[in-house]
Each structure stands twice: as C-alpha cells, then as structure tokens.
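Topology and contacts: notes
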Amino acid sequence: MHKITTLIALSFASFFLIGLATTLTRSMMIGFVDVLPVYILMGLAIVMMVYESFFDKH
C-alpha cells in the first residue's frame, strides 16, 4: 500500500513539473535553448524525488 501511494504521489508531482516546464515552450519569444536549464532542473528534481522515495532507506 505504501508503494502504491508513493507511485501516485510521484506521478502527480512529475506531471505537474513536466507541465510547468512545457508551458514555457508555448511562447513564441522563448526558444528551446532558453528553456533547456528549466528542463534540466525539472529532470533533476524528478530523479531526486524518485531516489528519495524508493532508494534512500536509512
């Protein structure tokens, strides 16, 4: 049960962060190179969430 709720919470948070990053690319004045650091930071945040949820057991 704990793993299921963790997966649901991670998917909600990941979808939110991905949606947040993709809304920046909708603008005509912002290019892909301008948004690349945002994609990198969002990817790192998602990887850290997954690592802390599943692999970081004291």
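The structure this text deals with has already been given above.
Summary of the structure given here. Note that the structure is a prediction, hence the values are computed from the model and not measured.

Each helix and strand counted, the protein has 2 helices and 0 strands in total. For the protein, the C-alpha radius of gyration of 14 Å lies well beyond 10 Å, the compact-globule estimate for 58 residues. Its C-alpha atoms put the protein at 45 × 20 × 10 Å along the principal axes. Burial analysis of the protein (58 residues in total) assigns 14% to the buried set. Of the roughly 4,800 Å² of accessible surface on the protein, a fraction of 77% belongs to carbon and sulfur atoms.

An ideal rise of 1.5 Å per residue puts 34 Å on 24 residues; helix α2 (residues 32-55) measures up with 32 Å between its terminal C-alpha atoms. In this structure, the buried residues of α2 make contact with α1 (2-24).

A few words now on the packing of aromatic side chains. Scanning all chains against the criterion turns up 1 aromatic pair. Relative to Phe-55, the ring of Tyr-51 lies with its centre 6.3 Å away and its plane at 35 degrees, an arrangement referred to as tilted. A residue pair is termed a helical-turn pair when its members lie 3 or 4 positions apart in one helix, as Tyr-51 and Phe-55 do in helix α2 at 4 residues.

With that settled, consider the side chain of Ser-14. With respect to the helices and strands, Ser-14 occurs in helix α1. A relative accessible area of 13% places Ser-14 in the buried class. Not counting the four nearest positions on each side in its chain, Ser-14 is found in contact with Ile-46 and Met-49.

Of note, Ile-46 is situated in helix α2. Apart from the residues within four sequence positions on either side, Ile-46 is in contact with Ser-14, Leu-17 and Ile-18.

In this section: α1. Here α1 is 23 residues long and its end C-alpha atoms lie 34 Å apart, about the 33 Å a rise of 1.5 Å per residue gives. Every buried residue of α1 is accounted for by Thr-6, Leu-10, Ser-14, Leu-17 and Ala-21. Summarising the contacts, the buried residues of α1 are in contact with α2.

Criteria and thresholds
- Residues numbered from 1 in each chain as written.
- Predicted model: local features only at pLDDT ≥ 70, side-chain atom pairs only at ≥ 80, totals over all residues.
- Heavy atoms only, no water.
- Helix = DSSP H or I, 4+ residues; strand = E, 2+ residues; numbered from the N terminus.
- Rg over C-alpha atoms; globule rule 2.2 N^0.38 Å.
- Buried < 20%, exposed > 50% of the residue type's maximum accessible area, 1.4 Å probe, protein only.
- Areas by Shrake-Rupley, 256 points an atom, 1.4 Å probe, with all protein chains shown as cover.
- Expected span 1.5 Å × (residues − 1).
- Contact = heavy atoms within 4.5 Å.
- Phe/Tyr/Trp six-rings, centres within 6.5 Å; stacked < 30°, edge-to-face > 60°.

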